[in-house]
Amino acid sequence: MMDIPEFIIRDGTVLTMNSGRESFESGFIWVKGEQIFRVGDVSELGDVPAGVSITSARGRLIMPGLVNAHGHLSNGVLRGIYDEMPLSVWFSKGMWPVLEALDAETGMASAELALMELMTTGVTTTVSAEFGTPRRELPDAVLTAVRKSRVRALVSRMTMDNPDESDPSQAVPPAYRESVAQAVSEVERLQREYRSALVTVAPEALGVLRCTPEMVSGLHDLAVRSDSPFLMHIASSRDEHESSHRLFGHGSVTELKRRGALSGRTLLAHAIWLDDAEIRDVAAAATGVSHNPVANAYYASGIARLPELLAAGVRVGLGVDGASTNNSQNLWETMKMALLFQKERTADAGFGSAELALELATRGGAAALHMEDRIGSLEPGKQADFISIDTARTALAPRQTLISNLVYSNDPLAVRDVYVAGEAVVVNGVHRFLERDAVLMAANQALGRILERSGLKSYLESRSGWHWRRS
Ligand SMILES: [Zn+2]
């Protein structure tokens, strides 16, 4: 019999996020192989067999790893270039020419940068939606970086096929369009090559307006056949909302339901513009939602109806979205903004709590991804995905309000250690498999190439109006 590695981390404050929300002021977590064996108060630890290593986590907080329910790893280096970009620039060279400039090399550099930021700040599971057209190799590059980083990931291959170009906000350039058969076979190829205990590959139809009904149902069928999730971006802007009503006479979630793809394996990104009936439908279908408040605000896309979604029992997680719409990959900031935007929207300062935000970023995300049987809380039998946070940080003091401080006064670099499936991936703030200096250098070079190819370099240099002296 093979020896399963086994270790105990003790004397830290442990937030289990289990259904009873049990926490231990002086607790322990006992890991066997990939799984959590026991969690509890140190007084209940009992005898420990020889060969089980024990480490102290005094002064640390142990909690489940964060779940980033929506993102685009290949956009990692695109931060900063879309700030206040005029629509004229966005349509001419901001959007499609930039995406076309993302090749395997720049895509991988982007993904490693985004993964390094996500993981060193406590994310153990991330979603990433990637285009497989016009560059077939982009999802491969992202999946290669994902594999190297040891993150738990749900990577979707985004597809579009609608040839209707009458609505510029929803039109799909010809180079991005593909047939249902081609989209299906590419997702199947990626599933064969990259599926693992940590990595799930899923199909995504990029909206009911950019995809034909055949594409939506074809990809949802593939998800059923391959027992994978099915992803969508939906109701993600006012434009999309209005186009959907004009074309179909109802919202895009209702249209998705009519196409038979609102299901218990579906994960919707954004879901901002939902009416009451659509919220009820999403809840009844057990469909997951990624709420991305910072990214939504970046493009003034609207504020999703978070209290209504939660009251209806929808599976809601939080997402940072890509670096091109945020720009940070800091899920702690998204937790805080998820609360603040709703306080403003509902004119109710009493909405929510730091505890709610932490729940959405852990067990909420797990439920949205339909992975709640494996991740999202620290419980025996679940995957050992957890993080340790140094609580002796100025932004996290005083100690009496630690949970509030984590969310409202957040300090992402207080995250010190990150474990995925029982493996220490980040130790004392350092990622063991992504080398920081190399990642930063590759990111600089990648953005340089993208700016040259897309024609955005001169736009970016003239944007601020400041006079930079360069010697
Ligand atoms: Zn997105």
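As the structure is a computational prediction, the values presented were derived from the model and not from experiment. Each chain has its residues counted from 1, running along the sequence as written. Reporting in this predicted model follows two pLDDT cut-offs: at least 70 for local features of residues, and 80 or more for side-chain atom pairs to be given and counted; totals over whole chains, interfaces and linings ignore these cut-offs and use all residues.

Bringing the overall build of the protein chain into the picture now. Every helix listed is a DSSP run of H or I at least four residues long, and every strand listed is a run of E at least two residues long, numbered separately from the N terminus. When its secondary structure is counted, the protein chain shows 16 helices and 17 strands. Each radius of gyration reported is based on C-alpha atoms, and the globular scaling rule is 2.2 Å times the count of residues to the power 0.38. On C-alpha atoms alone, the protein chain measures out to a radius of gyration of 22 Å, which is about the 23 Å that the 2.2 N^0.38 rule sets for 471 residues. Overall size of the protein chain, expressed as C-alpha extent along the three principal axes, is 70 × 60 × 55 Å. For the protein chain, buried positions account for 52% of its 471 residues. Throughout, a pair of residues is in contact if the C-beta atoms placed from their backbones lie within 7 Å. A sequence separation of at least 24 residues applies to 75% of the contacts in the protein chain between residues at least 6 apart. Backbone-placed C-beta atoms define the burial measure: a residue is buried with 20 or more other C-beta atoms within 10 Å of its own, exposed with 12 or fewer, and partly exposed in between.

In this section: the environment of Pro173. For Pro173, the location among the structural elements is in the loop between strand E8 (152–159) and helix H5 (180–194). Taking C-alpha positions, Pro173 is 13 Å from Phe131, a pair spaced 42 residues apart along the chain.

Across soluble globular proteins, nonpolar side chains show a tendency to be buried alongside one another. Any nonpolar core is a set of buried residues, restricted to Ala, Val, Leu, Ile, Met, Phe, Trp, Tyr and Cys, that join up through C-beta atoms within 7 Å. If you look at the biggest cluster of nonpolar residues, it comprises 137 residues, and the most contacted ones within it are Ile29 and Leu115. A total of nine residues in this core trace back to one element, the largest contributor, which is helix H3 (residues 104–120). In contact with Ile29, not counting residues within four places along its chain, are Ile9, Val14, Ile36, Val39, Ile62, Leu378 and Phe386.

Turning our attention to helix H13 (residues 354–368). Its axis deflected by about 45 degrees at Leu360, H13 carries its strongest bend there. Of all 15 residues in H13, 13 are buried, a share of seventy percent or more. Backbone geometry just after H13 places His370 at a positive phi near 60 degrees. Each residue is assigned a bend, namely the angle between axes fitted to the seven residues that terminate at it and the seven residues that start at it.

This next bit is on the sheet that holds E8. When DSSP locates at least two bridges between a pair of strands, those strands are taken to pair. An order of E6-E7-E8-E9-E10-E11-E12-E13 is seen for the eight strands of this open sheet, with the pairing classed as parallel. Bordering the open sheet on either side are strand E6 (66–68) and strand E13 (315–318), each of which pairs with just one other strand. Direction aside, neighbouring strands of the sheet carry axes that sit 25 degrees apart on average. Relative to E13, helix H12 (residues 331–346) is tilted by about 125 degrees, and along the sheet it contacts E6, strand E7 (123–131), strand E12 (288–291) and E13. The strands that H13 touches are E6, E7, strand E11 (266–270), E12 and E13; relative to E13, the one it contacts most, it runs at about 125 degrees. The axes are straight lines fitted to the C-alpha atoms, using for helices just the contacting stretch, and the angles between their N-to-C directions are given from 0 to 180°.

Let's shift gears to the pairing of E11. In terms of residue burial, E11 counts as a mostly covered element, since five of its five residues are buried. In terms of strand pairing, strand E10 (residues 230–234) meets E11 through five bridges, oriented parallel. Paired with Ile234 across the two strands is His270, which belongs to E11. If the strands point away from the viewer and the path from the first strand over the helix to the second runs clockwise, then the crossover is right-handed. Following the backbone out of E11, through helix H9 (residues 276–284) and into the adjacent parallel E12, one traces a crossover that is right-handed.

To continue, consider the packing of H3 against helix H15 (residues 436–454). One way to put it is that H3 packs onto H15 with a least axis distance of 8 Å and a crossing angle of 135 degrees. Taken together, H3 and H15 sit at an angle that is classed as oblique. Of the two elements, H3 crosses H15, and the hand of that crossing is left-handed. Facing Thr106, Ala109, Ser110, Glu112, Leu113 and Met116 of H3, the residues of H15 in contact are Arg436, Val439, Ala442, Ala443, Ala446, Arg449 and Ile450. Residue composition of the contact of H3 with H15, grouped by class: eight nonpolar, two polar and three charged. An angle below 35 degrees is treated as roughly parallel, one above 145 as roughly antiparallel, one from 65 to 115 as roughly perpendicular, and anything else as oblique. By the definition used in this description, the sense in which the near helix is turned from the far one sets the handedness, with an anticlockwise turn below a right angle giving left-handed and a clockwise turn giving right-handed. Side-chain classes are defined by residue name, with Ala, Val, Leu, Ile, Met, Phe, Trp, Tyr, Cys and Pro counting as nonpolar, Asp, Glu, Lys and Arg as charged, and the others, Gly among them, as polar.

Right, let's talk about unusual backbone geometry for a bit. With an omega dihedral of -5 degrees, the bond running from Asn326 to Asn327 counts as a cis peptide bond. Here Asn327 lies in the loop between E13 and H12. A cis amide bond links Ala397 with the next residue in sequence, Pro398, at an omega value of 0 degrees. Tracing the sequence through the fold places Pro398 in the loop between strand E14 (386–390) and helix H14 (402–408). Here the phi dihedral of Arg21 falls at roughly 50 degrees; this positive angle occurs in a residue that is not glycine. Relative to the helices and strands, Arg21 resides in the loop between strand E1 (6–15) and strand E2 (23–32). When the 13 C-beta atoms within 10 Å are taken as the criterion, Arg21 is described as partly exposed. Residues other than glycine seldom take positive phi values, yet Asp227 does so here, at roughly 45 degrees. In this structure, Asp227 sits in the loop between helix H6 (213–225) and E10. Judged by C-beta crowding, with 8 C-beta atoms within 10 Å, Asp227 ranks as exposed.

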